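Observations on chain architecture
One-letter residues, chain by chain:
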Amino acid sequence: MMRMLVTGGALAGIFALAALLSFFWTPYDVAVLDIAAKLQPPSAAHWFGTDHFGRDVFSMIMVGARVSIAVALVAVGIGMGLGVPLGLAAAASRGSHLDEIIMRGNDLVFAFPALLIAIMITAVFGPSALNAIIAIGIFNIPVFARLTRGAALSLWTRDFILAARVAGKGRVRISLEHILPNLANLLIVQGTIQFSLGILAEAGLSYVGLGAQPPTPSWGRMLAESQTMISFAPWLALFPGFAIVLTVLGLNLMGDGLRDLLDPRIRRARA
């Protein structure tokens, strides 16, 4: 349990630290082109080699970590910030017209994957990191709404909720004071999982040209640009690919570790 949490936290922490450090320092300026140094393999001067424009791949991965983490973090914040209140409202009014409207709206959003939402947004506003955030965030809303509603429904039948209702508390106050605190652990774990999925989604959108636009580096676009050069410059695909895999793996391990740590049923089973 703790091993997964520590390992996952260490992996995710390395890339988070790289993202923070990129605001102040990178080995090379990713906006400067050096054609004379293009397609150099990994060396002491360029740890991860250079791309077809002579830019340092290690520096680009540092800045790309900043983009991926920022997009995924804001998208999860949108999903949680809108999905959790909707789920609480649906659970508090179970069987009502409001419940039906919220859940059918969730079904409608689920019918459109994040990529399709991004394509529709891009068709109107053009490709950008902001539109990727909106697309991933919209897709996260029903995830948190369904999770919150399902978990909250089981709590509404508990004795402490009945006691609160007898004490004269309304549904909104009960949801905020009693239901939401008891869902915090579950939401934290799900947020970690959606964060990792958000990084994957951002990489996928950037790969097809719908994410962050040049000259801002992005892991997904680095993969897309390297596909025609993989036979003679494999480091261009390997290092951003490893960055995506290790970040997502770290976040998933951290999510599993948090679930085991915070879930009382798992703790009792192992006791």
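In case you missed it, the structure is sitting above this.
Residues numbered from 1 in each chain as written. Predicted model: local features only at pLDDT ≥ 70, side-chain atom pairs only at ≥ 80, totals over all residues. Heavy atoms only, no water.

A count of helices and strands for the chain gives 10 helices and zero strands. Listed N to C, the secondary structure of the chain is α-α-α-α-α-α-α-α-α-α in terms of helices and strands. In terms of principal-axis extent, the alpha carbons of the chain reach across some 75 × 50 × 30 Å. Buried residues in the chain amount to 45% of all 271 residues. (Helix = DSSP H or I, 4+ residues; strand = E, 2+ residues; numbered from the N terminus. Buried < 20%, exposed > 50% of the residue type's maximum accessible area, 1.4 Å probe, protein only.)

Running from N to C, helix α1 (residues 2-22) and helix α2 (residues 57-92) cross one another at 105°; their axes reach a closest spacing of 7 Å. In terms of orientation, α1 lies roughly perpendicular with respect to α2. Across from Phe-15, Ala-16, Ala-18, Ala-19, Leu-21 and Ser-22 in α1, the residues of α2 making contact are Met-62, Val-63, Ala-65, Arg-66 and Ile-69. The residue inventory of the contact of α1 with α2, partitioned by class, reads nine nonpolar, one polar and one charged. (Axes fitted to C-alpha atoms, helices over the stretch in contact; angles between N-to-C directions. Parallel < 35°, antiparallel > 145°, perpendicular 65-115°, else oblique. Contact = heavy atoms within 4.5 Å. Nonpolar A, V, L, I, M, F, W, Y, C, P; charged D, E, K, R; others polar.)

Time to look at the environment of Thr-122. Mapped onto the elements, Thr-122 comes out in helix α4 (residues 114-125). Sequence separation of Thr-122 and Gly-209 is 87 residues, and the distance between their C-alpha atoms is 10.0 Å. The residues contacting Thr-122, other than those within four sequence positions of it, are Pro-127 and Leu-210.

Don't take any of this as a statement about function, it's just geometry.
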